[in-house]
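# Results of the structural survey
Next come the chains, spelled out residue by residue.
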Amino acid sequence: MLSEDTGGGGDSRGVVQRGWTERFAAFWARLVKRLDVFIPAPLRHGSSLELSRARMVVALSLCSFGGSMVFTGLLQFTPYAWRLGVPSALSGVFFLAVLVLLRWRASPRIPGLWLCLFLWASILMTALSLDMLAMSTHAASVLVPVMAVYLLGWRLGLVMSVLCALTPLVFFPLATAQPELSPMEWSMGIFTAIFILFGWAVSSLFLTFRTEAHATLEQARRTLHENEGELSSLIESTDDVVCSLDLEGRLLTANQSAKQYFQRIFGGDIPPGAFIFRDLPPERQERWRERLERAREGHRLKEDVSLPALGDRGQMIDLELTVSPVWGEVGEVLKLTVFGRDVTERKAAEARLSELHRGLVDASRQAGMAEVATGVLHNVGNTLNSVNVSAGIVSERIRGLRVSSLEKAVQLLRENEARLGSFLTEDPRGRQLPAYLEALTTQLTQDKEAVLAELQALCDGVDHIRVVVGMQQQYARFSGVVEEVSLPELIDGAVRLQSASFGKAGIELRREYAAVPPVWVDRHKLLQILLNLLSNARHAVKESGRPDGCLTIRVVSATPGRMCIIVADNGVGIAPEHVPLLFTHGFTTKKDGHGFGLHTSALAAEELGGALSCESAGRGQGATFTLELPVRKEEVRQEGSAAR
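These numbers were taken from a predicted model, which means no experiment stands behind them. (Residues numbered from 1 in each chain as written. Predicted model: local features only at pLDDT ≥ 70, side-chain atom pairs only at ≥ 80, totals over all residues. Heavy atoms only, no water.)

## Describing the packing of helix 17 (residues 523-544) against helix 18 (residues 597-607)
To keep things clear, this is the line we draw: Between the N-to-C directions of two axes lies an angle of 0 to 180 degrees, each axis being a line fitted to C-alpha atoms and, for a helix, fitted only over the stretch in contact. Numbered from the N terminus, helices here are DSSP runs of H or I no shorter than four residues, and strands are runs of E no shorter than two. For any pair of crossing helices, the crossing counts as left-handed if the nearer helix is rotated counterclockwise from the farther one by less than a right angle, and right-handed if it is rotated clockwise. By the convention used here, residues are in contact when the closest approach between their heavy atoms is within 4.5 Å. When residue character is reported, Ala, Val, Leu, Ile, Met, Phe, Trp, Tyr, Cys and Pro are called nonpolar, Asp, Glu, Lys and Arg charged, and the others, Gly included, polar.
Interaxial distance between helix 17 and helix 18 falls to 9 Å at its minimum, and their mutual angle equals 145°. Here helix 17 runs over helix 18; the crossing is left-handed. Of the residues in helix 18, those in contact with Lys525, Gln528, Ile529, Asn532, Leu533 and Asn536 of helix 17 are Gly597, Leu598, Thr600, Ser601, Ala604, Ala605 and Glu607. Class assignment of the residues belonging to the contact of helix 17 with helix 18 gives a composition of 5 nonpolar, 6 polar and 2 charged.

## Observations concerning the sheet that holds strand 11 (residues 611-615)
Operational definition: Between any two strands, pairing holds if DSSP finds at least two bridges.
Spatially, the 5 strands line up as an open sheet ordered 7-9-10-12-11, and their pairing is mixed. Only two strands of the sheet have a single neighbouring strand rather than two, namely strand 7 (508-513) and strand 11. Adjacent strand axes in the sheet meet at a mean angle of 15° when their direction is disregarded. Strands in contact with helix 18 are strand 11 and strand 12 (623-630); relative to strand 11, the strand with the most contacts, it is inclined by about 135°.

## Overview of the sheet that holds strand 3 (residues 301-308)
Pairing is antiparallel across the open sheet formed by 5 strands, whose spatial order is 2-1-5-4-3. In the strand order of this sheet, the two ends are held by strand 2 (251-254) and strand 3, each with one partner. When the angles between neighbouring strand axes are averaged without regard to direction, this sheet yields 25°. Sheet topology places strand 3 next to strand 4 (residues 316-327); 8 bridges connect them, and they run antiparallel. Looking at the pairing, leucine 301 lines up with valine 323 of strand 4. Helix-sheet contacts for helix 10 (residues 256-266) involve strand 1 (241-245), strand 2, strand 3, strand 4 and strand 5 (333-342), and the interaxial angle to strand 1 is about 95°. Relative to the sheet, helix 11 (residues 282-296) contacts strand 3, strand 4 and strand 5, its axis offset from that of strand 3 by approximately 160°.

## Things to note about a nonpolar patch on the surface
Short version of the rule: Patch definition: residues above 30% relative accessible area lacking any salt bridge, with like charges linked at up to 9 Å and the nonpolar side chains Val, Leu, Ile, Met, Phe, Trp and Tyr linked at up to 5 Å. Methods summary: accessible areas were calculated by the Shrake-Rupley approach with a probe of 1.4 Å, and residue burial reflects only the protein chains presented. One side-chain nitrogen of Lys or Arg within 4 Å of one carboxyl oxygen of Asp or Glu is enough to make a salt bridge. With a 1.4 Å probe rolled over the protein chains alone, any residue whose accessible area is under 20% of its type maximum counts as buried; one over 50% counts as exposed, and the rest are partly exposed.
The grouping of Trp186, Ile190, Phe191, Ile194, Phe195, Phe198 and Val202 at the surface amounts to a nonpolar patch, some 720 Å² of accessible area in total. Tracing the sequence through the fold places isoleucine 194 in helix 9 (residues 183-237). For isoleucine 194, a relative accessible area of 47% translates into the label partly exposed.

## Overview of the environment of methionine 563
Of note, methionine 563 is situated in strand 10 (residues 562-569). On the basis of relative accessible area, methionine 563 is assigned to the buried category, the value being 5%.

## Observations concerning the nonpolar core
One broad rule of soluble globular proteins: the nonpolar side chains tend to lie buried together. Spelled out, the test is: Residue types Ala, Val, Leu, Ile, Met, Phe, Trp, Tyr and Cys, when buried and joined through side-chain atoms within 4.5 Å, form a set referred to as a nonpolar core.
Ranked by size, the top nonpolar core spans 41 residues in total, and within it Leu526, Leu551, Ile565, Phe583, Phe625 and Leu627 carry the most contacts. Those elements giving two or more residues to this core turn out to be helix 16 (487-505), strand 8 (519-522), helix 17, strand 9 (550-557), strand 10, helix 18, strand 11 and strand 12. Among the elements that take part in this core, helix 17 stands out by supplying 9 residues, more than any other. Each residue touching leucine 627, except ones within four places of it in the same chain, is listed here: Leu526, Ile529, Met563, Cys564, Ile565, Ala605, Ala611 and Leu612. Core analysis: the second largest hydrophobic core is formed by 32 residues, Phe94, Leu99, Leu115 and Leu124 among them.

In structure tokens, the structure reads:
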């Protein structure tokens, strides 16, 4: 309880002290306002230093006038009533004349000089009239140089100080009947002169320091004014909303852009001192009061709000509002600032961009489907060429079978069925028939093997077409069965599908297989790549027209865990500037090409965890394609996943 009472007493004393301070400040403001009545307008609106000097002249003149009147009244009770009363009354009139001069000259310099001279003269005349040295050594004599320094500057203040210092030492002894002063009087005069000069020195230092501080303050004020002007110009020139709020969310100031938005959203201005969100529904006002509470705690808040615009047919205005605290010197929040940016067009653009993005995704999906379909058709087309060739060979072989000769032999045997023994031994035609049947059997056997081989190639091609078509249905995933494959066997299968085409074009095919272990790959993807490479090499050699067209297939070991399949030809070659573009979608050097084969082959190689590259010395120098593949199953999966 004691501590509470003490605290309460301290608060009461603080309230009383603040009350006295406020009353004194109000009294001083009223007093200054009364003094300014005697000061002309140019001085009131001019330099603050000159204004303070003018106020000092007014205050000294009024005080001196009042003192003169009081002194004149008191002299009525002394023997010096007429001797000193008339000069004292005249001095009061002079002080009023100083006020008139200040009003007329609109400068405190001349009135200040007159005032100081008259005060000095008054001290001297009083001392001479009373024939008392003490009047010239009075404390008032120290007041004159102090006022002179403040009103006239340190130079004229020094002149007045010297006059006041010489008064008891020179002027008084010369003007009195007794020029000789006693040692005590000399001591008093000397001490008075010293203190007068000391007062001048202190006043000069004070004036110098005050002038420097005033100049610094004026410079800071001008800089602050310029900065405020620049900041105000910057705030007013922006199209964003800028507002200043007190801690309760009441509006303090707002730029022109904010007032325009107030008109558009609320239909009128928000007066200073009103809650900025007063025109919102009560529930939204409560939400903003909670946000402002967080801002008062020092948090910086950002939120997007949508408000209906009046008179715009229900159009919504999207604003991005940022509420920031303004910190004081000791870390307290003084007020809040609100910055708002109109993001209506940006939101509309984002919506259009989102719609465009969805359209692009659909177009990309369709383009991807078209690319897949084109690649599938290209690969199926290559395989169909081999299938057509195999089907043609089978057809030719079947048409070339000597079935008609066999029918003639059978007919001949039926005609001689009754005498079959004598016919085979005695008849010349019968004796040739066993040899003929033997030769025919051999020929039919050979034709059967050839037809079966071509039918196998035909089945392989049809099976590859089935797999390629099935791959199209699952192209979005890295599927496909990864199995152990012997590269020589797979390459031989691809060559077998293209062998008829190479034979017709007269192209020599060389195979150089190193002893390599099996690899883990998707068989059909690798077969697709090989068929594309073989088909392109065949076209390149055929286009060159070389009689010694040759294609070489090599299988070699590369870096540890990697294998390389090399397909080299001596065809038309590739120009150096075209090599970097070979695997680009749609790029081709063929007249009737589509630019899909190598592109899909490169993608398939990446899915297998490998890479497809090309080298060529230039046009007419042939080309070498290198397919690099991992050996192990784990590497295929990891690198295939990375390729995706």
